[in-house]
Amino acid sequence: MVKPKGSILVADDEEHVRNLLQRVLSKMDYKVETACNGVEVLAQIKSHPFDLLIMDIRMPKKDGMETFKILRLDFPNLPIIMMTAFSTVETTLETMRLGAFDYLTKPFDISEVKMSVEKVFSSFFEKNELSSMDEKTANPPVKAFIGSSPLMQEVFKTIGRVSASDSSVLIQGESGTGKELVARTIHQYSNRKNKPFITINCGAIPEGILESEFFGHEKGAFTGAYQQKIGKFENAHGGTIFLDEIGEMSSSLQVKLLRVLQEREFERVGGNEKIVVDVRIIAATNKNLRQSILEKTFRPDLFYRLNVVSVLIPPLRERKEDIPLLAAHFRDKFCWKLGLKPKVISREALNALQSYNWPGNVRELENIMEHAIVMSSGQVILLEDLPLDLFNEHKTLFPEAAAKPKTLRTLIKALEKEAIVLTLQKTGGNKLKTAKLLDISRRALQYKIDEYGLENRVDSNEE
Ligand SMILES: Nc1ncnc2c1ncn2[C@@H]1O[C@H](COP(=O)(O)OP(=O)(O)OP(=O)(O)O)[C@@H](O)[C@H]1O
Ligand SMILES: [Mg+2]
């Protein structure tokens, strides 16, 4: 018998599903065991390790969701594929958000099951290849849309409610809040998911060619139109069109778009054949469109057409509870990408991340975590591994002084300590250079380093 490629636990209360998966997966050379409910799953996983769990959501005793939540805490590295016959978008989103590796709906397409399982194991192999020195590398990244704050829970619920419908959706939020991610998620959980998702960035395409980008053109429609071109609306037939930065669209195109939304048909530029399309429109903007309406740069009738369902993504600074989860998610993503061992985020660094204001929202956090992973040399991401301006902002004394009354002496001491820490950081822990920059003697500096317990910030190779 061939050596099994890995061990899989299949959990379902229906015998035929267990049998089917056992047969299929054994044939693929996996070692398969089965369980009938959540209690059995937990018992089996505690008794010996598995490489993958495939679990039904609806099961007696302990259901899949409950079991999943327990496993996420006790066995965070175990990839889990969830399955169900009762797919509501809410449960789907919830499982993906909690970090399921994949989600399968019954009755399944066996090739989809195979593909999903292979994906789990191929990521293991990549992972092992990346660090043959140490088996314990970071977790494989799981597809995830993260947010446990009440504000994001509302967003998830709206996504859940609208995915199944064909209603137009307008997503509003500052830059980097996840508008595109929301749009893709809505598409992914709609019954259009196997049809195209086509993005048009209304801000990036020059006005002159935008119309032809949208609707296509006939040969000879204008100078340079050497052949017929099919536009994005036609290409998206059956699927979703994502109109990004809709607030940048010119007023003439707004009129044309409105017509398509009303009549669901259009002509290619230079043509007169009526083309009927079935597309779902999702638009996004970081502008306040109501303001644009007042300023007469956006048509109110188009706004109401697009804004059938409105999704408002709050800026990150208004949902700081999400920062630790997001930071951990990006940390795992980049550790994984770079083939590094898992890292932990120090309390100090996390505090800095949490007190920062995040003008660039989640995208900025993502970039900063990448920077931190690259900068950190050990297993712990330190405050020093974060970019300096973030560090500075965090360390600025004014919030401290404002938050709680402090004596002047305490504040001055804190300032002194901060100045030394920052300068040591700038000089790479070099005492001589630090003393020079601060214009104090080396002895005075050493005294203060001892006083404030900063010896660990000093480059020990310097002496
Ligand atoms: N809740 C989230 N969970 C995980 N990743 C997120 C989340 N929100 C945003 N991201 C990630 O942050 C980055 C920025 O998100 P996205 O591109 O969707 O933002 P946007 O609102 O479209 O920004 P812009 O207005 O600049 O186009 C992406 O890499 C996205 O995957
Ligand atoms: Mg975007």
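Keep in mind that this is a model prediction, so the values were computed, not measured. (Residues numbered from 1 in each chain as written. Chains lettered and ligands numbered in written order. Predicted model: local features only at pLDDT ≥ 70, side-chain atom pairs only at ≥ 80, totals over all residues. Heavy atoms only, no water.)

**Quick look at the environment of G176**
Argument step 1. As for its position among the elements, G176 is in the loop between β6 (169-172) and α7 (179-188).
Argument step 2. A sequence separation of 184 residues divides G176 from G360, and the C-alpha atoms of the two residues are 5.8 Å apart.
Argument step 3. If we ignore the near neighbours within four places in the chain, the residues touching G176 are G360, N361, V362 and R363. (Helix = DSSP H or I, 4+ residues; strand = E, 2+ residues; numbered from the N terminus. Contact = heavy atoms within 4.5 Å.)

**A look at the sheet that holds strand β1 (residues 7-11)**
Argument step 1. Across the sheet, which stays open at both edges, the 5 strands sit in the order β2-β1-β3-β4-β5 with parallel pairing between neighbours. Each of the sheet's edge strands pairs with one partner strand only, and the pair in question is β2 (31-35) and β5 (102-105). Ignoring strand direction, the axes of neighbouring strands in this sheet form an average angle of 20°.
Argument step 2. Two strands pair when backbone bridges link them, and β1 and strand β3 (residues 52-56) are joined in this way by 4 bridges, in the parallel orientation. Bridge pairing links L9 to L53 in β3.
Argument step 3. On the sheet, helix α1 (residues 15-27) packs against β1, β2, β3 and β4 (80-84) and is oriented at approximately 170° with respect to β2. (Pairing = 2+ DSSP bridges. Axes fitted to C-alpha atoms, helices over the stretch in contact; angles between N-to-C directions.)

**Description of the pattern of salt bridges**
Pairing is possible between side chains of opposite charge, provided their charged atoms come close.
Argument step 1. Tallied over the entire structure, the rule returns 24 salt bridges.
Argument step 2. Of the charged contacts, one joins R259 and E267 as a salt bridge, the two residues approaching to 3.2 Å between their closest N and O atoms.
Argument step 3. On the accessibility criterion, R259 (32% relative accessible area) is partly exposed.
Argument step 4. Residue E267 is classed as partly exposed on the basis of its relative accessible area, which comes to 23%.
Argument step 5. Here the salt bridges share partners, and the residues they tie into one network are E218, E234, R268 and E273. (Salt bridge = Lys/Arg side-chain N within 4 Å of Asp/Glu carboxyl O. Buried < 20%, exposed > 50% of the residue type's maximum accessible area, 1.4 Å probe, protein only.)

**As for the site of ligand 1**
Argument step 1. For ligand 1, the set of nearby residues contains 16 residues, the closest of which are I146, S175, K179, R363 and E366.
Argument step 2. E180 is positioned such that a nitrogen or oxygen atom in its backbone is 3.1 Å from an oxygen atom of ligand 1.
Argument step 3. Elements with a contribution of two residues or more to the shell around ligand 1: α7, α13 (322-337) and α15 (361-375).
Argument step 4. Split by residue class, the shell around ligand 1 holds 7 nonpolar, 4 polar and 5 charged.
Argument step 5. Mapping the shell around ligand 1 onto the domain boundaries places at least three of its residues in each of domain 2 (150-312) and domain 3 (318-395). (Near = heavy atom within 4 Å. Polar contact = N/O pair within 3.5 Å; in protein donor to acceptor, adjacent residues only side chain to side chain. Nonpolar A, V, L, I, M, F, W, Y, C, P; charged D, E, K, R; others polar. Domains from an automatic or database assignment.)

**Structural notes on the sheet that holds strand β14 (residues 309-312)**
Argument step 1. One open sheet accounts for 5 strands, arranged β7-β10-β13-β6-β14; its pairing is parallel. This sheet does not close on itself; its edge strands, each paired only once, are β7 (197-201) and β14. Along the sheet, successive strands turn relative to each other by an average axial angle of 20°, direction set aside.
Argument step 2. Against the sheet, helix α6 (residues 150-163) engages β6, β13 (280-285) and β14, with an angle of about 155° to β14.

**Some points on α13**
Argument step 1. If you check α13, its first and last C-alpha atoms are 22 Å apart, about what 16 residues at 1.5 Å a residue would give, namely 22 Å.
Argument step 2. Taken as a whole, α13 has its buried residues at D322, I323, L326, A327, A328, H329, F330, R331, F334, C335 and W336.
Argument step 3. Among the residues trailing α13, G339 stands out with phi positive, at a value near 65°. (Expected span 1.5 Å × (residues − 1).)

**Some thoughts on the packing of helix α18 (residues 408-426) against helix α20 (residues 442-452)**
Argument step 1. Here α18 crosses α20 at 110°, and the two axes come no closer than 11 Å. Relative to α20, the element α18 is oriented roughly perpendicular. Helix-helix and strand crossings are classified by hand; for α18 and α20 the assignment is left-handed. For the pair α18 and α20, the contacting residues are K413, E416, K417, I420 and L424 in the first and L445, K448, I449, E451 and Y452 in the second.
Argument step 2. Tallied by class, the residues present in the contact of α18 with α20 amount to 5 nonpolar, no polar and 5 charged. (Parallel < 35°, antiparallel > 145°, perpendicular 65-115°, else oblique. Left-handed = near helix turned anticlockwise from the far one by under 90°.)

**Quick word on the UniProt feature "modified residue: 4-aspartylphosphate" (unreviewed entry) in the chain**
Argument step 1. UniProt's feature table lists "modified residue: 4-aspartylphosphate" (unreviewed entry) at D56, given in the numbering used throughout.
Argument step 2. Looking at where D56 falls in the secondary structure, it is placed in strand β3.
Argument step 3. Setting aside its immediate chain neighbours within four residues, D56 contacts A11, D12, D13, G64, M83, T84 and K106. (UniProt positions renumbered as here; feature names shortened; annotations may be inferred.)

**Some details on the confidence of the model for the chain**
Argument step 1. With 87% of its residues at a pLDDT of 70 or more, the chain has an overall mean of 84.
Argument step 2. Contacts for the low-pLDDT stretch residues 125-136, under 50 throughout, to residues beyond four places or in other chains number 14 contacts. (pLDDT = per-residue confidence, 0-100.)

**Quick notes on a nonpolar patch on the surface**
Argument step 1. Where nonpolar side chains cluster on the molecular surface, the patch consists of L338, V374 and M375 and spans about 290 Å² of accessible area.
Argument step 2. By the secondary structure assignment, V374 is in helix α15.
Argument step 3. Given a relative accessible area of 55%, V374 falls into the exposed group. (Patch = residues over 30% accessible without salt bridge, like charges linked within 9 Å, V, L, I, M, F, W, Y side chains within 5 Å. Areas by Shrake-Rupley, 256 points an atom, 1.4 Å probe, with all protein chains shown as cover.)

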